[in-house]
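Structural description and commentary
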Amino acid sequence: MNRLLKKSFALLLAACLLLALAVPALAGLDGDYTSPVPTVYLQGQGSTLYADKNNTRSGYIHDVDVPDGYIEDVAKSLIGPLAKGVLLNRWDEWVDTFVEGVAPLLEKQALDENGEASDGSGIYTSSGKANRVLPDGSYRIGAYTPMYDWRLDPYVIAEDIHTYISQVKAATKAEKVNLMGRSICASVVMAYLELYGAEGLDNIVLYCPSFTGMETVSKIFAGKVDIDPKGVNSFVDFYVESGSADSLADGDTLQVLMDVVSVLVSLRGLDLPSGMLENIYAHVYGEVYPRLLVRSYGSMPSFWSLVGDEDYEDAKAAVFGGQEDVYAGLIEKIDRFHYNNLNRSAEILTSLYEAGAKLQIVAKYGVPMVPVVEGNSLQSDMLTSVASATLGATSAPYGEALSNAYVAARAADGKAKYIGADLAVDASTALLPDHTWFIKNLAHRDMPESVNVLFEHIFNYDGYCTVFDDPEIPQYLWYDAAESTLSPLTVDSGKKTDARSFFTRILNIFRFIFNYLRQALRIKK
């Protein structure tokens with residue numbers, strides 16, 4: 001496929017990912033699962049944000065609200081400027097129209113040039129932390145879920161969490177608490193551990209972390225977008241089969257849209273003038289994306305904690321290029337976390353582990369990475385690779401298995417027990433192989449109640465549990481989406497029919513068009 005057209009598809013999907021990031025990754029710890037000590041759970045991009053943090057009636061700024069007809073109006077407004085850009089090579093009007101059309105959907109969450117909420121927006125907090133001990137002396141795992149402004153500097157949030165933990169201890173008289181951070185808040189836990197160590201903490205759980213960067217966010221910030229036909233097809237098939245399509249749009253409609261992308265990719269694209277594509281791509285990423293990022297996620301220190309080292313300086317140049325003085329306060333914050341924490345994550349965790357900290361890492365895999373970035377064939381949870389989530393676990397590309405030679409060599413070294421039944425992942429190369437768990441078939445944003453079975457096992461174990469202590473909760477687990485259950489991974493877990501063929505996709509597209517026209521004709525009658 002023409003590389004410029006590949007980039008155009010990648011930018012389309014990257015834009016969808018940016019909008020998807022704005023949907024709250026809220027996930028509470030539901031159910032009657034308990035722990036002998038209080039558990040402080042940081043739920044990711046979840047706390048509700050208000051326009052005025054002191055007034056709960058001021059309106060939410062958390063969700064992205066797209067008014068009816070908004071996208072159509074923006075698209076129409078772009079037609080004239082696009083024609084002018086193509087015919088006259090004058091793109092300023094098109095860039096301005098695009099940015100001003102999309103930015104209002106994203107920027108209500110944005111922070112200022114220092115990465116701070118100077119507009120008064122944020123979370124509403126109430127004082128006091130009750131003693132929520134149960135009659136048997138235990139605590140429900142989700143009882144202590146603090147509210148925090150997830151946009152801010154991880155160090156600032158960590159300081160607030162330190163205060164919160166002190167209040168929980170005072171209210172419960174507990175000497176220790178469990179600390180668990182999910183997704184973007186794994187960065188907050190890492191900042192906490194850097195500042196305060198593990199004193200006063202029992203189990204420390206990092207759930208779907210991105211220690212060396214969340215590849216999807218990292219590459220988009222740095223402008224390293226790319227697309228691979230195989231990656232598109234894998235993503236389309238998984239997303240439609242998983243039932244997740246219904247959360248974004250009508251399932252049939254989204255499936256058809258994804259099939260259109262897959263068919264175009266398979267056909268090697270359209271025969272469009274490369275010069276036009278060159279101009280569109282250069283202006284979309286060269287001007288549109290940086291302007292959108294700096295007015296949305298690029299203004300948030302928390303999201304910069306997801307940018308990996310190989311992309312970090314490129315990302316800063318792309319987002320802040322020429323405006324470094326304006327954003328000096330924000331850059332100082334993100335540099336501090338990047339160079340003092342992200343780049344030292346293995347060192348920080350190793351030091352704590354050797355000092356006796358009870359660290360546990362829970363990673364996910366078996367989900368294709370969003371196919372918009374370089375390296376999208378990595379084994380992942382859709383957003384973060386297995387290697388980043390575990391600091392070093394070895395994995396086969398998505399949909400493949402480790403080679404026979406590799407498996408044999410690990411067996412000869414006595415490491416076969418760390419390889420999953422599907423031969424997709426080898427945990428022996430992870431930073432903490434005896435304390436790193438894997439859940440297959442569960443996407444990054446998802447946290448069903450059944451996952452609490454694993455947390456309850458970790459929190460109630462007498463001592464520092466390993467992945468080999470209970471055969472019912474082994475290192476590798478399978479998530480059954482239909483039943484919403486966890487079970488030990490086997491060679492037969494999740495056996496699927498063959499992926500839909502090119503011909504099947506074509507039929508699906510024409511079937512959709514036929515049904516749409518039939519309904520339209522009925523409406524006219």
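All of the points below concern the structure found in this document. (Residues numbered from 1 in each chain as written. Predicted model: local features only at pLDDT ≥ 70, side-chain atom pairs only at ≥ 80, totals over all residues. Heavy atoms only, no water.)

Looking now at the overall build of the chain. Along the chain, the regular secondary structure elements total 17 helices and 15 strands. Scored against the burial criterion, the 525 residues of the chain give a buried share of 52%. Pairs at least 24 residues apart make up 75% of the contacts formed inside the chain by residues separated by at least 6 positions. As displayed, the chain has an accessible area near 22900 Å², and 53% of this comes from carbon and sulfur atoms. (Helix = DSSP H or I, 4+ residues; strand = E, 2+ residues; numbered from the N terminus. Buried < 20%, exposed > 50% of the residue type's maximum accessible area, 1.4 Å probe, protein only. Contact = heavy atoms within 4.5 Å. Areas by Shrake-Rupley, 256 points an atom, 1.4 Å probe, with all protein chains shown as cover.)

With 13 residues, helix α12 (residues 328-340) should reach 18 Å at 1.5 Å per residue; the first-to-last C-alpha distance of 18 Å fits that figure. Among all positions in α12, only Gly329, Leu330, Ile331, Lys333, Ile334, Phe337 and His338 are buried. In this structure, the buried residues of α12 make contact with α4 (154-172), α5 (186-196), α10 (301-304) and α11 (309-320). (Expected span 1.5 Å × (residues − 1).)

Moving on to the packing of α11 against α12. How two helices pack is summed up by the angle between their axes together with the distance between the axes. Look at α11 against α12: their axes get within 12 Å of each other, and the N-to-C directions meet at 175 degrees. Comparing the axis directions of α11 and α12 gives the class roughly antiparallel. Listed contacts from α12 to Asp309, Tyr312, Glu313, Lys316 and Phe320 of α11 are Leu330, Ile331, Ile334, Asp335, His338 and Tyr339. Residue composition of the contact of α11 with α12, grouped by class: 6 nonpolar, 1 polar and 4 charged. (Axes fitted to C-alpha atoms, helices over the stretch in contact; angles between N-to-C directions. Parallel < 35°, antiparallel > 145°, perpendicular 65-115°, else oblique. Nonpolar A, V, L, I, M, F, W, Y, C, P; charged D, E, K, R; others polar.)

The subject of this paragraph is a nonpolar patch on the surface. Residues Leu82, Val86, Leu87 and Leu88 make up a contiguous nonpolar surface patch of roughly 370 Å² in combined accessible area. Relative to the helices and strands, leucine 87 resides in helix α2 (residues 70-88). (Patch = residues over 30% accessible without salt bridge, like charges linked within 9 Å, V, L, I, M, F, W, Y side chains within 5 Å. Salt bridge = Lys/Arg side-chain N within 4 Å of Asp/Glu carboxyl O.)

Our next topic: the sheet that holds strand β8 (residues 358-365). Either a parallel or an antiparallel arrangement is found when strands of a sheet pair, and the pairing is made through backbone hydrogen bonds. If you walk across this open sheet you meet the 7 strands as β2-β6-β7-β8-β13-β14-β15, and the pairing is mixed. Among the strands making up the open sheet, the edge pair consists of β2 (39-42) and β15 (485-488). Taking each pair of neighbouring strands and ignoring which way they run, the sheet shows an average axis angle of 20 degrees. Examined bridge by bridge, β2 and strand β6 (residues 177-182) share 4 bridges and lie parallel to one another. Along β6, the bridge assignment pairs threonine 39 with asparagine 178. Contacts from helix α16 (residues 452-460) reach β2, β6, β7 (201-207), β8, β13 (436-440) and β14 (476-480) within the one sheet, and its direction differs from that of β7 by about 155 degrees. (Pairing = 2+ DSSP bridges.)

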